[in-house]
Amino acid sequence: MNSLVNNTLWRTQLYINGEWRDADNKKQFSVVNPATGKIIAHVADGGAIETRCAIEAADNAQKQWKHLTVKARSTILRKWFDLVTKNQQDLAYILTCEQGKPLTEAQREVDYGASYIEWFSEEAKRIYGDVIAPQSNDKRAIILKQPVGVVATITPWNFPCAMLARKLAPALAAGCTVVVKPAAQTPLSALALAVLAEQAGVPAGVLNIVCGENAEAIGHELTTHPLVRKLSFTGSTAVGKKLIQQCASSVKKVTMELGGNAPFIVFDDADIDAAVHGAIASKFRNSGQTCVCANRFYIHADVYDQFVEKFSHEISQLVMGNGLDKATTLGPLISPEAVQKVQHLVDDALAKGAVKKDVGNFTLSENLAEEYFYPPTLLINVPSTARICSEEIFGPVAALIKFTTEQEVISMANATEFGLAGYFYAQDMSRIWRVAEQLEVGMVGVNEGILSNEMTPFGGVKQSGWGREGSHYGIEDYVNIKYMCIGNLT
Ligand code: ADP
């Protein structure tokens, strides 16, 4: 790619045991830029054979990696962080080319991903055990924390850089080795991260990347191979459930970061401008393709009209286009199928009585692939029976519902099988505590539309998943607890 400063970051081969290689059968699959619909790369199409090879390499490498001092592992991770930061522009460019998000968002994603590498380079040194009061004076009880072993990670296309960094950093810090399966739509960011990891001194076999179109075949190996001790997955709840079942056969540890259906509540005492600002950030970032996106907007009847007016004005200011254009604030969706799925949800809501509010015309320049774009859409008076209220939209559509009482809105907000993020805007401190405590979610934004960072725990309750990523809790999923009892002391 001519636009890269560091051309070595553009890789299209698998990375296994420290070697860049093709699939055994030489097959490749294509990666498309969703803004233009054009093929930008042909990537080696790995499958079960390559996955097994990667798992064996990871198992071999783990024997040395876990015995490095934490200081040594920490230093390598820190170097990796420095390299990712140094190559931020190139990584963001690759990300936008394969995923479509605006370049500024891609840059923020690279920084966000890097922050996990930095954080866990530090946390590596703080994996503390325990000394527990002995049962009798001739005994001592000690708790050791040890790496779980080979970790498999399966990551999605919506944050191809950050989702990977968020899993790799704690795994490597804890002394685990990893086999990664990135989403087939966005393998290039993962491969570029591996180039920098190698350069930072991550030894051969410690990090392996198997790209491939046959997710089932790769996933089956990763979830059933006895040498894999843990799976960390980010993706849809449907696929997550399947992977949990597959992992059950060999009782692997699992971390699951699954779908969401975030409520975004605006109470009558809210600062409406702040709420609109938060709503735009939460709803339209990454064209609405995030699992913590506001999916259902509940607006108090007394501020409904005011909110609709201000929100529609702000939506009309969005600029839809190619993420590589500086002016763009809203990129394409990942595929034409994604666009159709969003359209079905909108059609269903309209058929059930929702009204589409005019937020202006969004036209595209001729060289862009229209079938990948969905214009920002505001639906008002959406009935709670509409599918859009219970399904993840994953597109730039805001669905507004009117409410009148606090209890009513809490019930509606919790009436979902998901429990990832929730947001609300209010000023009254008693209400803030009441509502925050009652929302059935893993993360709650109070007067805030964006809440994730490396120092805080990311994850959900209910069918949104198991485990937490980031923060000091984030490393716990990558260590086993071993109780050591020393007896017969005199
Ligand atoms: P999304 O709808 O966001 O694409 P998915 O859950 O389908 O979410 O995909 C998330 C990740 O899971 C991707 O890397 C995808 O390739 C992978 N995946 C999808 N189906 C399977 C499967 N049956 N086994 C293993 N991985 C899978």
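Just so you know, these numbers come straight off a predicted model, no measurement behind them.

### Considering a nonpolar patch on the surface
Where nonpolar side chains cluster on the molecular surface, the patch consists of Met484, Ile486 and Leu489 and spans about 200 Å² of accessible area. Relative to the assigned elements, Met484 resides in strand S20 (residues 479–486).

### What about the pairing of strand S7 (residues 150–154)?
Two faces, one strand: in a regular strand the side chains alternate between the faces of the sheet. Burial analysis of S7 places 5 of its 5 residues in the buried class, which makes it a mostly covered element. A two-sided burial pattern is seen for S7, the buried positions comprising Val150, Ala152 and Ile154 on one face and Val151 and Thr153 on the other. In the classification by handedness, the crossover that spans S7, the intervening helix H5 (residues 162–174) and the parallel strand S8 (residues 177–181) is right-handed. Bridge count for S7 against strand S10 (residues 228–234) is 5 bridges, and the pairing is parallel. Within S10, the position partnered with Val150 by the bridge is Val228.

### Points about empty space enclosed by the protein
For the coordinates displayed, the defined rule picks out 1 cavity of 30 Å³ or more. Its volume calculated, the largest cavity comes out at about 40 Å³. Considering the residues around the largest cavity, the lining is formed by 13 residues, among which Thr416, Phe418, Gly419, Glu440 and Val441 are closest to the centre. Along the lines of polarity and charge, the residues of the lining of the largest cavity split into 6 nonpolar, 4 polar and 3 charged.

### Quick word on the site of the ligand
Around the ligand lies a shell of 16 residues, among which Thr155, Trp157, Lys181, Phe233 and Ser236 are the nearest. Contacts to the ligand include Thr155, whose backbone N or O atom sits 2.6 Å from an oxygen atom. Within the contact set of the ligand, an oxygen atom lies 2.7 Å away from a side-chain nitrogen or oxygen of Ser236. Burial of the ligand by the protein chains amounts to 80% of its free accessible area of 550 Å². Structurally, the ligand is housed in the largest pocket. Contributions of two or more residues to the shell around the ligand are made by helix H7 (215–224), S10 and helix H8 (237–248). Of the residues assigned to the shell around the ligand, the class counts are 8 nonpolar, 5 polar and 3 charged.

What counts and what doesn't
Residues numbered from 1 in each chain as written. Predicted model: local features only at pLDDT ≥ 70, side-chain atom pairs only at ≥ 80, totals over all residues. Heavy atoms only, no water. Patch = residues over 30% accessible without salt bridge, like charges linked within 9 Å, V, L, I, M, F, W, Y side chains within 5 Å. Areas by Shrake-Rupley, 256 points an atom, 1.4 Å probe, with all protein chains shown as cover. Salt bridge = Lys/Arg side-chain N within 4 Å of Asp/Glu carboxyl O. Helix = DSSP H or I, 4+ residues; strand = E, 2+ residues; numbered from the N terminus. Buried < 20%, exposed > 50% of the residue type's maximum accessible area, 1.4 Å probe, protein only. Right-handed = clockwise from strand over helix to strand, strands pointing away. Pairing = 2+ DSSP bridges. 1 Å grid on protein atoms, 1.4 Å probe; cavity = no way out; pocket = protein on both sides within 12 Å on 5 of 7 lines; lining within 4 Å. Points joined across faces, edges and corners; volume = space filled by probe spheres on them. Nonpolar A, V, L, I, M, F, W, Y, C, P; charged D, E, K, R; others polar. Near = heavy atom within 4 Å. Polar contact = N/O pair within 3.5 Å; in protein donor to acceptor, adjacent residues only side chain to side chain. Sits in = over half its atoms within 2 Å of the grid points.

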